[in-house]
Amino acid sequence: MPSVTHEALVELFKNRPTLAAEMLHDALGQPIPAFTEARVESSDLAEIVPSDRRADVIVVLLVGEQQRPAMAIVVEVQLGVDPDKPYVWPVYVSQTRARHRCPTWLLAVTVDAEIARWCARSIDMGHPGLTLTPLVLGPAGVPVVTDAEQARAAPEVVVLSAMAHGQEEVGEAIGVAFLGAAAGLDEERRAVYWDLVLSSLNEAARRTLEAMMKSGYEFQSEFARSYVAKGVEKGRKEGILEAKAHDVLTFLEARGLEVPAEVRERVLASTDVAELDRWIRRAASVGDARELLATTGS
């Protein structure tokens with residue numbers, strides 16, 4: 001099953017169809033043909049490729065009034081070593097090339113330097129002279145975006161920058177640049193991108209950005225209010241959960257029952273109000289604290 005990070009990277013390339021071409025040209029120095037539009041196409045290539053092995057993103061660069069395909073880019077997000085990929089990647093490229101009748105490139109994207117090296121290995125097709133060498137966008141190739149204007153022009157690039165470089169000293173500057181771009185995003189992208197940026201930053205940078213948000217950062221007053229409101233609501237819910245969890249434990253101990261460590265940890269870790277309410281009711285009748293967790297009824 002794809003991870004959250006995998007799906008997040010895929011969404012960046014889907015939300016900004018030009019991103020694949022920009023990274024090939026700006027980060028990897030590859031020649032990209034002039035185009036008038038970049039369009040995300042279906043990645044369901046053919047029956048020969050199982051549904052769980054379809055390409056992550058396929059972008060077609062179009063040119064002219066006839067919207068003729070000038071180039072196709074197969075984008076594959078790779079977060080780990082997968083021995084199947086050297087066999088399915090050539091299929092993605094050949095099927096995409098056959099469908100759109102244009103030059104087709106493979107771009108592997110990863111935020112791990114070691115995986116980037118693995119992705120870059122040439123794939124020998126077994127036919128004389130036929131070798132596929134993936135183009136790889138790894139952390140070393142992702143630009144460091146700290147300029148607010150650049151971030152506003154390409155918010156997906158600054159998110160990618162945070163994911164690649166957020167643990168470095170420059171992480172805070174990247175995060176601040178993202179804040180400058182967040183106002184121009186729709187609510188859904190703003191929330192998703194903020195979570196991605198924040199989770200990618202080092203601890204010091206994360207604390208700085210959270211403090212800026214709570215203080216009503218001047219470029220993001222509406223966003224800040226929304227962020228703080230969510231934090232207050234989260235704190236309120238956590239307070240309710242904590243109170244109910246302690247009620248369960250107090251009730252058990254008041255009845256003279258020994259509460260094993262595993263039961264205590266499970267109760268304190270619960271994030272389900274209804275579950276805690278059931279446990280409070282059951283705490284009045286169980287003969288052993290362990291029965292609390294084994295009981296599914298109300």
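Structure: see above.
Residues numbered from 1 in each chain as written. Predicted model: local features only at pLDDT ≥ 70, side-chain atom pairs only at ≥ 80, totals over all residues. Heavy atoms only, no water.

Notes on the pattern of salt bridges
All chains considered together, the criterion is met by eleven salt bridges. As a salt-bridge pair, E253 and R264 come within 2.7 Å of each other at their nearest N and O atoms. Separated by eleven residues along the polypeptide, E253 in helix α10 (residues 221-254) and R264 in helix α11 (residues 261-269) bring together distant segments of the chain. Take E253: its relative accessible area is 41%, and that puts it in the partly exposed class. Judged by relative accessible area, which is 31%, R264 ranks as partly exposed. A salt bridge links R290 to E262; its shortest N-O distance comes to 3.4 Å. With R290 in helix α13 (residues 289-294) and E262 in helix α11, this pair connects stretches of sequence that are 28 residues apart. Judged by its relative accessible area of 47%, R290 is partly exposed. Here the salt bridges share partners, and the residues they tie into one network are E156, D186 and R189. (Salt bridge = Lys/Arg side-chain N within 4 Å of Asp/Glu carboxyl O. Helix = DSSP H or I, 4+ residues; strand = E, 2+ residues; numbered from the N terminus. Buried < 20%, exposed > 50% of the residue type's maximum accessible area, 1.4 Å probe, protein only.)

Side note on the pairing of strand β2 (residues 57-63)
Counting buried positions along β2 gives six out of seven residues, so the element sits mostly inside the fold. One ladder, built from five bridges, connects strand β1 (residues 37-41) with β2; its direction is antiparallel. Of the residues in β2, the one forming a bridge with E41 is I58. In sequence, β2 turns back onto strand β3 (residues 68-77) through a hairpin of four residues, with G64 there showing a positive phi of about 75 degrees. (Pairing = 2+ DSSP bridges.)

Describing the environment of S270
Mapping S270 onto the fold places it in the loop between α11 and α12 (273-282). Considered as a pair, S270 and A245 are 25 residues apart in the sequence and their alpha carbons are 7.7 Å apart. Other than its neighbours up to four places away in sequence, S270 contacts L241, E275, L276 and W279. Reaching out from S270, the side chain makes a polar contact with the backbone nitrogen of D272 at a distance of 3.3 Å. (Contact = heavy atoms within 4.5 Å. Polar contact = N/O pair within 3.5 Å; in protein donor to acceptor, adjacent residues only side chain to side chain.)

A look at a negative patch on the surface
Taken together, the side chains of E7, E11, E187 and E188 define an acidic patch exposed on the protein surface. Within the secondary structure layout, E7 lies in helix α1 (residues 4-15). (Patch = residues over 30% accessible without salt bridge, like charges linked within 9 Å, V, L, I, M, F, W, Y side chains within 5 Å. Areas by Shrake-Rupley, 256 points an atom, 1.4 Å probe, with all protein chains shown as cover. Lys, Arg positive; Asp, Glu negative; His and termini not counted. Charge placed at Lys NZ, Arg CZ, Asp CG, Glu CD.)

Digging into the packing of aromatic side chains
The full count for this structure, using the stated rule, is two aromatic pairs. Considering the side-chain rings of F178 and W194, the 6.3 Å spacing of their centres and the 20 degrees angle between planes classify their relative orientation as stacked. With F178 in helix α7 (residues 171-182) and W194 in helix α8 (residues 187-200), this residue pair connects regions lying 16 residues apart in the sequence. Each member of the pair F178 and W194 is classed as buried. (Phe/Tyr/Trp six-rings, centres within 6.5 Å; stacked < 30°, edge-to-face > 60°.)

What to know about the sheet that holds strand β4 (residues 104-109)
What the five strands build is an open sheet, ordered β1-β2-β3-β4-β7; its pairing is mixed. Strand pairing shows two members of the sheet lacking a second neighbour, β1 and β7 (135-137), which therefore form its edges. When the angles between neighbouring strand axes are averaged without regard to direction, this sheet yields 30 degrees. Where β3 lies against β4, six bridges are found, and the strand directions are parallel. Bridging across to β4, V74 finds its partner in L106. Across the sheet, α1 touches β1, β2, β3, β4 and β7, and the angle it forms with β3 is around 165 degrees. (Axes fitted to C-alpha atoms, helices over the stretch in contact; angles between N-to-C directions.)

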